[in-house]
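Each chain is listed here by its residues.
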Amino acid sequence: MPFRLLEPVPELSCGDPASGNLIVQGDNLHALKALLPRYGGKVKCIYIDPPYNTGNEGWAYNDNVNSPEIRKWLGALVGKEGETLDRHDRWLCMMYPRLVLLRQFLREDGAIFVSIDDNEVANLRLLLDEIFGAGNFVASVIWRSSDNSNNDAKQFSTDHNPLVIYSRSSDWRPNKAGDHTNKRSHFKNPDNDPRGPWFDGNPLNSPKPRPNLTFDLVAPNGNVIHPPANGWRWSKETIESKLATTEIRFTENGKSIRRRTYLVDMEALPPSSLWTDLEETGHNRQAKSELKAIFHETAVSDLFSTPKPVRFLQRIIELSTEPDSLILDSFAGSGTTAHAVLKQNAVDGGTRRFILVEMDENIATNVTAERVKRVSQGYTNAKNEAVAGLSPDGDGFQFCTLSAEPLFTPQGQIREDVRYAQLAEFVWFAETGSGYTGNADSPLLGVHEGRGIYLLYNGILKDKSVGGGNVLTGPVFGILPPFDGPKTIYAAACRLGAPRLQREQIVFKQTPYALEV
């Protein structure tokens, strides 16, 4: 795929375009290639909700991998063979290169989360095994995606979707179970227990009756508490010790003893792969209701067969990011990922940023961007109630499309309208494989692994030399920012001889030919 450039669209952007949030409209394969020189190796969490390939073509957001855009892409990249591919082959052709590119965006401590259903989950696992490595498989979470069963189902009512998780490296770990805000109300601390909030757990039953576990206990009020049918879980000495430390206690009526479960212990547990609590992670119908509340109509929610609720994405963000992380969604759809990022930032004061990519122009402009604008700045819901913005004074987003022409002309030359800062991103990525975060205001782009990386292009030296500073000559080298070590210098041509290059520790690379990444 050729490199294309991002073209900002100010009239569709919102708030501060330098906030670091980005919405890109265009084919996500082209968009990912355009974003890679800026964000390669920078993303902490990728979430995607690709087409499930159910065969359904009866709704606007086509799920049959049979849309005109995908057919055009298959024709251009796969050739006539693409015309005879079956539905699953087309899906594999569509997903493979996108997953290859997505992996390059992840930090070493990053992970990708993919929503899918049973149509392609087996194929998806094989793709991810190949691209990320089978050893980097983390989990297949079962998410209860429906709050009611389908009475019209011929066999089983499908009430769940898998969420497949792979990491960039095998030592990746999710954040702990975390602060379940909507599940903490039953944790109390009426006696100021130094370990913090707690609740009474299950009775202390033993799995098997044993003679030494069938003793009676006497509560402080004199009540005799007989052992459960299977006996106590611990010996009398252990129970008395735990009673002394209040880890277990008698109930107020003196009829049983209970074990305290502490919130601090619950938050230290690894997250479960079974997400069935509808209050915690929401469901598809709730996601449709969220869209109706924002847009005041059902037409928008009907565009999406399986929209994701904000709580679901918030849970993913909570488990996989830090407060300053970058999150990428290249199948953005209704924009739930950005909504969840803004909401999580509002909860914990974070500065997370998002990158969204949406192929459909109508959805990208009228749904994705419009939703993020409304939830960021505030809106009036379907009940005519004012809903405060999640970041009314700050974060917005920059809206971009993709340049119609690639970075290079058909003759292999750099387009004349390419700016220095744009080419600098590609040079840095070609040398380092990571996104460029510098200011691109100097011929010395930066230092990577002990090597200085330079770019001479487009008058960066203010026309003090041959070709506006695009040619590496002796005088040009003399005015470059110094670096005491190996140097890689990109320029249109080089007039320095081999001995001088060796003496100055210079590796020369000619643009544009060395940039065919």
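Everything discussed here concerns the structure shown above.
Note that this is a predicted model, so its numbers are computed, not measured.

**Considering the overall build of the protein**
Part 1 of the reasoning: Within the protein one finds 15 helices and 23 strands.
Part 2 of the reasoning: Counting every position in the protein, which comprises 517 residues, the buried fraction comes to 49%.
Part 3 of the reasoning: The long-range share in the protein, meaning contacts at least 24 apart out of those at least 6 apart in sequence, stands at 70%.
Part 4 of the reasoning: Carbon and sulfur atoms form 49% of the exposed surface of the protein, whose accessible area is close to 24500 Å².

**Observations concerning unusual backbone geometry**
Part 1 of the reasoning: Of note, the amide linkage connecting T511 to P512 takes the cis form, showing an omega dihedral of 5°.
Part 2 of the reasoning: Residue placement: P512 occurs in the segment after β23 (506-510).
Part 3 of the reasoning: Here the phi dihedral of A440 falls at roughly 55°; this positive angle occurs in a residue that is not glycine.
Part 4 of the reasoning: Residue position: A440 is located in the loop between α13 (420-432) and β18 (444-448).
Part 5 of the reasoning: A relative accessible area of 15% means that A440 is categorised as buried.

**Here's the deal with the nonpolar core**
Part 1 of the reasoning: Of all hydrophobic cores here, the largest spans 42 residues; its most connected members are F113, L163, I316 and F354.
Part 2 of the reasoning: L163 has contacts with Y47, F113, V114, S115, A139, S140, V141, W275, F312 and I316, leaving out every residue within four places of it along the chain.
Part 3 of the reasoning: Listed in part, the 41 residues of the second largest apolar core include L102, F132, L328 and C400.

**Observations regarding the pairing of strand β21 (residues 487-491)**
Part 1 of the reasoning: Taken across its five residues, β21 has five buried, putting it largely inside the fold.
Part 2 of the reasoning: Judged by which residues are buried, β21 turns out to be covered on both faces: K487, I489 and A491 on one side and T488 and Y490 on the other are all buried.
Part 3 of the reasoning: Pairing between strand β19 (residues 451-455) and β21: four bridges, direction parallel. In the sheet register, L455 faces β21, and the bridge partner there is Y490.
Part 4 of the reasoning: Examined bridge by bridge, β21 and β23 share five bridges and lie parallel to one another. Note that in β23 the partner of A491 across the bridge is Q510.

**Notes on the side chain of N136**
Part 1 of the reasoning: Examined against the element boundaries, N136 turns out to sit in the loop between α4 (121-132) and β5 (137-144).
Part 2 of the reasoning: N136 sits in the buried class, given a relative accessible area of 12%.
Part 3 of the reasoning: Looking at N136, its side chain comes within polar contact range of the main-chain oxygen of F132, at 2.6 Å.
Part 4 of the reasoning: A polar atom in the side chain of N136 sits 3.4 Å from the backbone oxygen of R168.
Part 5 of the reasoning: Residues within four places of N136 in sequence aside, it is in contact with I165, Y166, S167, R168, S169 and S170.

**Points about the environment of E425**
Part 1 of the reasoning: Mapped onto the fold, E425 is located in helix α13.
Part 2 of the reasoning: Note on E425: relative accessible area 14%, which makes it buried.
Part 3 of the reasoning: Measuring from C-alpha to C-alpha, the distance between E425 and G438 comes to 8.8 Å, with 13 residues separating the pair along the chain.
Part 4 of the reasoning: Residues in contact with E425, not counting those within four places in the same chain, are P37, R38 and Y436.
Part 5 of the reasoning: Among the polar contacts made by the side chain of E425, one reaches the side chain of R38 at a distance of 3.0 Å.

**Things to note about the sheet that holds strand β17 (residues 398-402)**
Part 1 of the reasoning: With respect to topology, 10 strands assemble into an open sheet ordered β1-β17-β2-β14-β13-β3-β4-β6-β5-β12, the strand pairing being mixed. Of all strands in the sheet, those bounded by a partner on one side alone are β1 (6-8) and β12 (274-275).
Part 2 of the reasoning: As paired strands, strand β3 (residues 43-48) and strand β13 (residues 326-329) are joined by two bridges and run parallel to one another. Along β13, the bridge assignment pairs C45 with I327.
Part 3 of the reasoning: Its contacts with the sheet put helix α10 (residues 310-320) on β3, β4 (106-115), β5, β6 (160-167) and β12, and the angle it makes with β3 is roughly 155°.

**What about the sheet that holds β19?**
Part 1 of the reasoning: Read from one edge to the other, the open sheet built from four strands follows the order β18-β19-β21-β23, with strand pairing classed as mixed. Strands at the two margins of the open sheet, each flanked by one partner only, are β18 and β23. Each strand axis lies, on average, 20° off the axis of its neighbour in the sheet, ignoring direction.
Part 2 of the reasoning: Packing of α13 onto the sheet brings it into contact with β18, β19, β21 and β23, and relative to β18 it is tilted by some 20°.

**Comments concerning helix α12 (residues 361-377)**
Part 1 of the reasoning: Along its 17 residues, α12 runs 23 Å from first to last C-alpha, staying within 8% of the 24 Å computed at 1.5 Å per residue.
Part 2 of the reasoning: Where α12 bends most, at E370, the angle is about 30°.
Part 3 of the reasoning: With a side-chain oxygen lying 3.0 Å from the backbone nitrogen of N362, the N-terminal cap of α12 falls on D360.
Part 4 of the reasoning: Positive backbone phi, approximately 110°, marks G378, located one or two places after α12.

**Here we look at the pattern of salt bridges**
Part 1 of the reasoning: Summed over all chains, the structure comprises 16 salt bridges.
Part 2 of the reasoning: A salt bridge links D109 to R107; its shortest N-O distance comes to 2.7 Å.
Part 3 of the reasoning: Exposure remark for R107: the relative accessible area of 22% places this residue in the partly exposed category.
Part 4 of the reasoning: Several salt bridges share partner residues, and in doing so they unite K44, R107, D109 and E322 into one network.

**Describing the packing of α10 against helix α11 (residues 336-348)**
Part 1 of the reasoning: Where α10 meets α11, the axes come as close as 8 Å, and the angle between the chain directions of the two elements is 65°. By crossing handedness, the relation of α10 to α11 is classed as right-handed. Seen from α10, the contacting residues are V310, L313, Q314 and I317; seen from α11, they are T336, T337, H339, A340, V341, K343, Q344 and V347.
Part 2 of the reasoning: Per-class residue counts for the contact of α10 with α11 are six nonpolar, five polar and one charged.

**What to know about helix α8 (residues 284-295)**
Part 1 of the reasoning: Compared with an ideal rise of 1.5 Å per residue, which puts 12 residues at 16 Å, α8 spans 17 Å between its outermost C-alpha atoms and is within 8% of the ideal.
Part 2 of the reasoning: Every buried residue belonging to α8 is among N284, Q286, A287, E290, L291, I294 and F295, and all of these are buried. End-on, the buried residues of α8 take up no more than an arc of 165°, which puts them together on one face.
Part 3 of the reasoning: Once α8 finishes, H296 follows within two positions and takes phi at roughly 65°, a positive value.

**As for the packing of α11 against α12**
Part 1 of the reasoning: Viewed as axis vectors pointing N to C, α11 and α12 meet at an angle of 15°, and their least axial separation amounts to 9 Å. On the basis of the axis angle, α11 is roughly parallel to α12. Pair α11 / α12 crosses with right-handed handedness. Packed against α11, whose contacting residues are T336, A338, H339 and L342, the element α12 presents R371, V372, V375 and S376 at the interface.

Reading the values: rules and limits
Every residue gets a number counted from 1 within its own chain, in the order that chain's sequence is written. Reporting in this predicted model follows two pLDDT cut-offs: at least 70 for local features of residues, and 80 or more for side-chain atom pairs to be given and counted; totals over whole chains, interfaces and linings ignore these cut-offs and use all residues. Remark: hydrogens and water are excluded; side-chain values derive from all non-hydrogen atoms of the structure. What counts as a helix is a DSSP run of H or I of at least four residues, what counts as a strand is a run of E of at least two, and both are numbered from the N terminus. Working definition: with a 1.4 Å probe on protein chains only, accessible area under 20% of the residue-type maximum means buried, over 50% means exposed, and in between means partly exposed. The contact definition used throughout considers only heavy atoms, calling two residues in contact when any of these lie within 4.5 Å. Here the open area of atoms and residues is found with the Shrake-Rupley method and a 1.4 Å probe, where only the protein chains shown may cover a residue. We define a nonpolar core as any set of buried Ala, Val, Leu, Ile, Met, Phe, Trp, Tyr and Cys residues linked to one another through side-chain atoms lying within 4.5 Å. Strands pair, by our definition, only if DSSP identifies at least two bridges between them. Here a polar contact is recorded for every N or O atom pair within 3.5 Å, except that within protein the pair must consist of a potential hydrogen donor and a potential acceptor, and residues adjacent in sequence are included only if both atoms are side-chain atoms. Every angle, taken between N-to-C directions, lies between 0 and 180 degrees, and every axis is a line fitted to C-alpha atoms, over only the stretch in contact when it is a helix. Expected span of a helix: the number of residues minus one, times 1.5 Å. To get the bend at a residue, fit one axis to the 7 residues ending there and another to the 7 starting there, then take the angle between the axes. Every case where a carboxyl oxygen of Asp or Glu lies within 4 Å of a side-chain nitrogen of Lys or Arg is listed as a salt bridge. Helix crossings fall into two classes, left-handed where the near helix is turned counterclockwise from the far one by less than a right angle and right-handed where it is turned clockwise. Gly counts as polar in this scheme, as do all residues outside two lists: the nonpolar Ala, Val, Leu, Ile, Met, Phe, Trp, Tyr, Cys and Pro, and the charged Asp, Glu, Lys and Arg. When we speak of the arc, we mean the arc of directions from the helix axis to the C-beta atoms. Working rule for angles: under 35 degrees goes down as roughly parallel, over 145 as roughly antiparallel, 65 to 115 as roughly perpendicular, anything else as oblique.

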